[in-house]
Amino acid sequence: MKRNGEHRKVVVVTGASAGVGRATVRELAREGALIGLLARGLEGLEDARREVEELGGRALVLPTDVSDPDQVEEAAEAVEREFGPIDIWINCAMVSVFAPVWQTTPDEYKRVIEVNYLGYVYGTQAALKRMKPRDEGVIIQVSSALAFRSIPLQSAYCASKGAILRYSESLRSELIHEGSRVHVGMVHLPAVNTPQFEQVRSRLPRAPQPVPPIYQPEVAARAIVHAAHARRRSMAVGLSALKAIIGNRFIPGLLDRYLARVAWDGQMTDAPADPDRPDNLWEPLGRDLGAHGDFDARSRGFSPQLWMNEHRGVLGVLGLAAAAAGAAWLWQRTREEPG
């Protein structure tokens with residue numbers, strides 16, 4: 001579909017009703033995209049649709065539990081029926097449980113894996129079913145630095161992110177083998193100020209929080225949209241994510257001990273936990289939560305590392321120019337020195 005003679009991207013976003021998914025929807029709407037909004041909570045989806053239309057895009061509300069492959073397939077059919085061929089599919093839906101391993105139940109592990117990992121698999125397969133015959137399209141897996149470096153109290157979530165990483169690597173190689181032009185990219189996020197900490201299932205003695213440094217969801221959204229348009233293979237967002245990925249490669253044992261000491265209390269505020277607080281593990285909470293959590297005052301709205309990542313082509317040219325200028329200066333100095 002076109003607007004003013006330009007092709008309007010058709011995009012599907014799972015987890016579109018809140019948090020990073022909601023911020024990504026807003027970023028796409030500013031480009032005039034046609035967006036299929038997938039999530040369980042109707043209230044958040046309807047408010048997301050209104051925001052999209054106010055920002056210049058169009059949206060289709062599709063209440064979907066991504067752990068059900070039939071629902072995902074039906075949503076994909078509906079998007080193409082309404083808007084045309086899907087250009088970009090962004091997997092972003094998630095749930096989590098904050099608890100030590102020995103306090104996490106088998107059903108909770110199963111649910112997190114069904115949403116966070118199998119939900120991505122089902123979304124990817126729905127996208128591939130349509131993109132592969134056309135030999136074009138982009139699939140973005142919204143992941144985390146925790147795919148590389150797990151932390152205590154989030155074993156189910158960390159395991160799901162690691163599974164997405166390995167699944168996507170296999171898929172990417174298979175597409176290359178087939179000579180396919182379908183692109184699979186991953187965006188690895190840092191701690192983000194989203195409403196998940198208000199609705200996550202938790203058995204912690206105090207209220208959960210992201211481990212600082214914390215970034216605003218708009219930072220993540222810009223990275224996701226950039227990765228889709230630039231067809232990036234992998235992007236780490238924020239210096240903290242990059243440090244975790246690199247650190248685990250070289251000093252994993254030291255990180256085990258460091259995180260045991262820092263990341264336990266670091267995932268809790270000073271406020272006592274509410275034992276009667278509802279969570280969204282099995283059902284949505286029934287209200288619009290938006291993109292931001294409760295940590296605006298402590299969150300960063302800009303990442304220099306991401307800015308450099310987005311502009312790496314220009315920075316590379318400037319670096320080569322500087323190197324050439326330096327070499328020319330040295331050569332000139334050498335000529336001027338007496339023989």
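Residues numbered from 1 in each chain as written. Predicted model: local features only at pLDDT ≥ 70, side-chain atom pairs only at ≥ 80, totals over all residues. Heavy atoms only, no water.

Novice: What am I meant to see in the nonpolar core here?
Specialist: Residues Ile35, Leu37 and Ile90 are the most contacted members of the largest nonpolar core, which totals 41 residues. Considering each element in turn, this core owes the most residues, seven residues, to helix 7 (residues 217–230). Excluding residues within four positions of it along the chain, isoleucine 90 makes contact with Val11, Val12, Val13, Thr14, Thr24, Leu28, Ile140, Val142 and Ile224. In terms of nonpolar packing, the next biggest core, distinct from the first, is built from 35 residues, Leu62, Ala76, Tyr122 and Tyr167 among them. (Core = buried A, V, L, I, M, F, W, Y, C linked by side-chain atoms within 4.5 Å. Buried < 20%, exposed > 50% of the residue type's maximum accessible area, 1.4 Å probe, protein only. Helix = DSSP H or I, 4+ residues; strand = E, 2+ residues; numbered from the N terminus. Contact = heavy atoms within 4.5 Å.)

Novice: Looking at this structure, I do not really get helix 2 (residues 42–55). What am I missing?
Specialist: For helix 2, with 14 residues, the first-to-last C-alpha span of 20 Å sits near the 20 Å given by 1.5 Å per residue. The complete set of buried residues in helix 2 reads Gly44, Leu45, Ala48 and Val52. What you see down the axis of helix 2 is that its buried residues fit within an arc of 95°, all on one side. (Expected span 1.5 Å × (residues − 1). Arc of directions from axis to C-beta.)

Novice: Got a minute to help me understand the sheet that holds strand 10 (residues 191–192) in this structure?
Specialist: Hydrogen bonding along the main chain pairs the strands of a sheet, whether they run parallel or antiparallel. Read across the open sheet, the three strands follow the order 10-13-16; overall the sheet is parallel. The sheet terminates laterally at strand 10 and strand 16 (299–300), the two strands that pair on one side only. Relative to strand 13 (residues 214–215), strand 10 is paired through two bridges, and the arrangement is parallel. Across the sheet, valine 192 pairs through a bridge with tyrosine 215, a residue of strand 13. (Pairing = 2+ DSSP bridges.)

Novice: What exactly am I supposed to notice about the environment of asparagine 116 here?
Specialist: Structurally, asparagine 116 is set in helix 4 (residues 106–134). Of the residues examined, asparagine 116 reaches a relative accessible area of 0% and is grouped as buried. Through-space distance from the C-alpha of asparagine 116 to that of serine 67 is 8.2 Å; in sequence the pair is 49 residues apart. For asparagine 116, the contacting residues outside a window of four places in its chain are Ala93, Met94, Val95, Tyr157, Ser160 and Ile164. Within the structure, the side chain of asparagine 116 is placed 3.3 Å from the side chain of serine 160, a separation counted as a polar contact. (Polar contact = N/O pair within 3.5 Å; in protein donor to acceptor, adjacent residues only side chain to side chain.)

Novice: Got a minute to help me understand the packing of aromatic side chains in this structure?
Specialist: Aromatic rings in a pair are described by how distant their centres are and how their planes are angled relative to each other. For the coordinates displayed, the defined rule picks out three aromatic pairs. Seen from their ring centres, phenylalanine 98 and phenylalanine 197 are 6.0 Å apart, and the 75° between their planes marks the pair as edge-to-face. With phenylalanine 98 in strand 7 (residues 97–98) and phenylalanine 197 in helix 6 (residues 196–199), this pair connects stretches of sequence that are 99 residues apart. Phenylalanine 197 carries the same exposure label as phenylalanine 98, and that label is buried. Plain terms: the ring middles of phenylalanine 197 and phenylalanine 295 are 6.2 Å apart, the flat faces sit at 90° to each other, and that makes the pair edge-to-face. One end of the pair, phenylalanine 197, is in helix 6; the other, phenylalanine 295, is in the loop between strand 15 (268–272) and strand 16, and 98 residues separate them in sequence. Under the relative-accessibility criterion, phenylalanine 295 is labelled buried at 10%. (Phe/Tyr/Trp six-rings, centres within 6.5 Å; stacked < 30°, edge-to-face > 60°.)

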